[in-house]
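Residues per chain are reported as follows:
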Amino acid sequence: MHLMSRSYKTFLIFNNLFLVLLTLLCLFPVINVLAVSLSSSAAAAAGEVAEWPVEFTVKSYQFVLQSGQFTGSFQNSVIRVLTGVSLSTIITVLVAYPLSKESHVFPQRTMYAWIFVFTMLFSGGIIPSYLVIKQLHMLDTMWSLVLPVGVQVFNILLMLNFFRGLPKELEEACLMDGASHLQTLLRVYLPISLPSLATIVLFTLVMHWNSWFDGMLYMNHTDKYPLATYLQSVLNKTSIPQTEMTVEQAILLQSVSSRTVRAAQIFIAAFPILAIYPFLQKYFVKGLVMGSVKG
Amino acid sequence: MRAGTKRRRNNGQLHLMLVPGLILIAVFSYLPMAGLSIAFQDFNPIVGFNKLNWNGMDNFEYMWALPDFMPAVKNTVIISIMKIAAGILVPVTAALLLNEVRSVLFKRSVQTVIYMPHFFSWVILGGIVIDVLSPGEGIVNQIIQAFGGKPISFLSSNQWFRYVLVITDQWKEFGFSTIVYLAALTSIDQGLYEAAVMDGAGRWRQTWNVTLPGIRPIVVLMATLSLGNILNGGFDQVFNLYNPMVYRTGDILDTLVYRIGIVQTQYAVAAAIGLIKSVVSLALIGFGYWIAYRFAKYRIF
């Protein structure tokens, strides 16, 4: 680029340096806590750990993974994610398709759309929602975590805008060939909607994996807690609860501290997201931008 | 005639597709809205909804008299306004700087890292923040001490707590918010830049006269739409970071509702606070969308 001035080149260098710094600043707290989780309790307590583990050990992870509560709530979370994501994805697609039709084809579309969008704008809040779940006898069941968040209006809007961006001729050709709406949706629309579908699956998956408050509200028994709720309940405690500890754990406890154990719990909970993120990342920017383009 | 009946049959299928979604929101969104009526009742959780004891505005009067109510309103509004301001300034700056980057690989790498915290919950990020800021062993205070400073207990200091909320909120969300502005930047007509170069505009002039006016509509739109969030201070974040020592500056309406409603089981009073919050938010959102439609031709769907 011969057109670049000297001052602009200097700016570019500083700009890149600044962005590298910003990126490191984003990562550093995460790396620091990861290093703490892999350090000895003495090194962590002395504040010697920065970006690299001191006196490397995986004892904290062993300690966490041997806890029955932790593995139990991990399982609860996996079940929750699987049921929640399938339910939400099916409903999102089923609702987005009719709402993506033009008003002259489907005259009630606007009314239905407002019924859904209104739930984004106004809500009863936690108290009436809690009372409804209670009256339906859904406390302590997986349904209380899955059904109330089954309709994700934001995802519906993304999907709807994506469907609208598809060429009209596609649908006309299908209906001309005698396909029903459901067939059109399943055989033609969905296969070409993979980026958008991947985006909403990612969003719902992350939402379910991260949700902790509903678990705390609706589950009376701690063994029903999803992982995020369990973590929330232990992360703020300064000491490790000594109850229901196995002999192996009691021995391990001597070589870990509550700080290194907390750090290990944070990382085990973050791991699934770290693991799927690289695969879905290439989709969500594309899906998000395509979904938000208005036709 | 034949075409008419065929269309009606097809539309029947469209109605059917909506049924599962409609049932779920009827039960889990609209029923709780009706349930807000307990804000006007002397609600007894054992008797339930069957026996209604209307008590007019008693719960609201009780709410006004609560010593924690007005401070919570004030905290919520202050925290939200700080967050909204930072939430526009930081991502716009980041998008402008990223837009100047030439190497696609470098740009992608930066984006990948800054998007990521968005996908972690406040339970995880809160755990990290608490560890990093802890006055004893936390890395931030280790650094402060290395430079000869005194350790600061950020999370139990009323002076610092709101700044911690705003900064950590940006840490989590600024990267994700830049997506919108980056998309807006790429849609600016390249011809405008060429014309500016012909007129002898340098890089700064181009930014000032082409780029900034180019993204102004989207900046105004995002600011307008965030109006509706003024009564949301961010429950997840505050709940995972606060403690009784910082109630004075950090207690927001949602955390107050939780404490009164769920912890103290005063359902009716908590529902009254929730109702006020929802109504004011709805008015603000409505106003925001109205402005967005008038000035940016924005529609929700």
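Keep in mind the model is a prediction, meaning the values are calculated, not measured. For every chain, the first residue of the written sequence is number 1, and numbering continues from 1 along that sequence. A letter from A marks each chain and a number from 1 marks each ligand, given out in the order of writing. A pLDDT threshold of at least 70 governs which residues receive local features in this predicted model, and a stricter bar of 80 or more applies before side-chain atom pairs are shown or counted, although totals over entire chains, interfaces and linings include all residues. For the side-chain quantities, the full set of heavy atoms in the structure was used; hydrogens and water were omitted.

## Regarding the overall build of chain A
Within chain A one finds 15 helices and zero strands. Throughout, exposure labels follow a simple rule: accessible area from a 1.4 Å probe, protein chains only, divided by the maximum for the residue type, with under 20% read as buried, over 50% as exposed, and the rest as partly exposed. Every one of the 295 residues in chain A was classed for burial, and the buried ones make up 51%. Relative to all contacts within chain A whose residues are 6 or more apart in sequence, the contacts with residues 24 or more apart total 72%. Summing over all exposed atoms, chain A offers an accessible surface of approximately 14,000 Å²; the carbon and sulfur share of this is 68%. Note on conventions: DSSP H or I runs of at least 4 residues are helices, E runs of at least 2 residues are strands, and numbering of each starts at the N terminus. In what follows, a contact means two residues having at least one pair of non-hydrogen atoms within 4.5 Å. Under the convention used here, a 1.4 Å probe and the Shrake-Rupley method define accessible areas, while residue burial counts only the protein chains that appear.

## Some details on the UniProt feature "transmembrane region" (unreviewed entry) in chain B
All names here are of chain B. UniProt positions are given in the numbering used here, feature names are shortened, and annotations may be inferred rather than shown by experiment. Feature annotation in UniProt places "transmembrane region" (unreviewed entry) on residues 12–31, 77–98, 214–235 and 267–292, given in this structure's numbering. Along residues 12–31 one finds 100% helix and 0% strand; the C-alpha atoms at either end are 26 Å apart. Each end of residues 214–235 is marked by a C-alpha atom, and these two atoms are 34 Å apart; helix forms 59% of the span and strand 0%.

## Focus on the UniProt feature "transmembrane region" (unreviewed entry) in chain A
As recorded in UniProt, the sites labelled "transmembrane region" (unreviewed entry) are residues 78–99, 111–133, 145–163, 184–209 and 263–280 of chain A. Structurally, residues 145–163 of chain A comprises 68% helix and 0% strand, and the distance from its first C-alpha atom to its last is 29 Å.

## Some words on the UniProt feature "domain: ABC transmembrane type-1" (unreviewed entry) in chain B
With numbering matched to this structure, UniProt assigns "domain: ABC transmembrane type-1" (unreviewed entry) to residues 73–288 of chain B. Secondary structure across residues 73–288 of chain B divides into 75% helix and 0% strand, with the first and last C-alpha atoms of the span separated by 20 Å.

## Considerations on the confidence of the model for chain B
Residue and element names in this part refer to chain B. Averaged over all residues, the pLDDT of chain B equals 87, while 93% of them reach at least 70. Each residue carries a pLDDT score, the predictor's own confidence in it, on a scale running from 0 to 100. Helix 1 (residues 2–35) is the least confidently modelled element of chain B, averaging 83 in pLDDT, while helix 3 (residues 69–100) averages 94, the highest of any element. Model confidence for the complex is summarised by a pTM of 0.87, with the ipTM given as 0.85.

## Some remarks on the environment of D251 of chain B
Residues and elements named next belong to chain B. Tracing the backbone through its elements, the reader meets D251 in the loop between helix 11 (247–250) and helix 12 (253–263). Through-space distance from the C-alpha of D251 to that of A72 is 5.4 Å; in sequence the pair is 179 residues apart. Setting aside residues up to four positions removed in sequence, D251 forms contacts with P71, A72, N75, Y242, V246, L256 and R259.

## Points about the packing of aromatic side chains
Think of it this way: a Phe, Tyr or Trp ring, Trp meaning its six-membered ring, pairs with another when their centres are within 6.5 Å, and the plane angle makes it stacked under 30 degrees, edge-to-face over 60, tilted otherwise. Inspection of every chain in the model, using the stated rule, returns 32 aromatic pairs over all chains. Look at F118 of chain A and F122 of chain A: their rings are 6.0 Å apart centre to centre, the planes differ by 25 degrees, and that puts the pair in the stacked class. The partly exposed category is assigned to F118 of chain A, whose relative accessible area is 28%. One aromatic cluster is present, built from ring pairs that chain together W212 and F213 of chain A together with F235, F239, Y242, Y247 and Y258 of chain B. We count a charge as sitting over a ring when the NZ of a lysine or the CZ of an arginine lies within 6 Å of the ring centre and within 35 degrees of the ring normal. Above the face of the Y247 of chain B ring, R259 of chain B is positioned so that its terminal group lies 4.2 Å from the ring centre.

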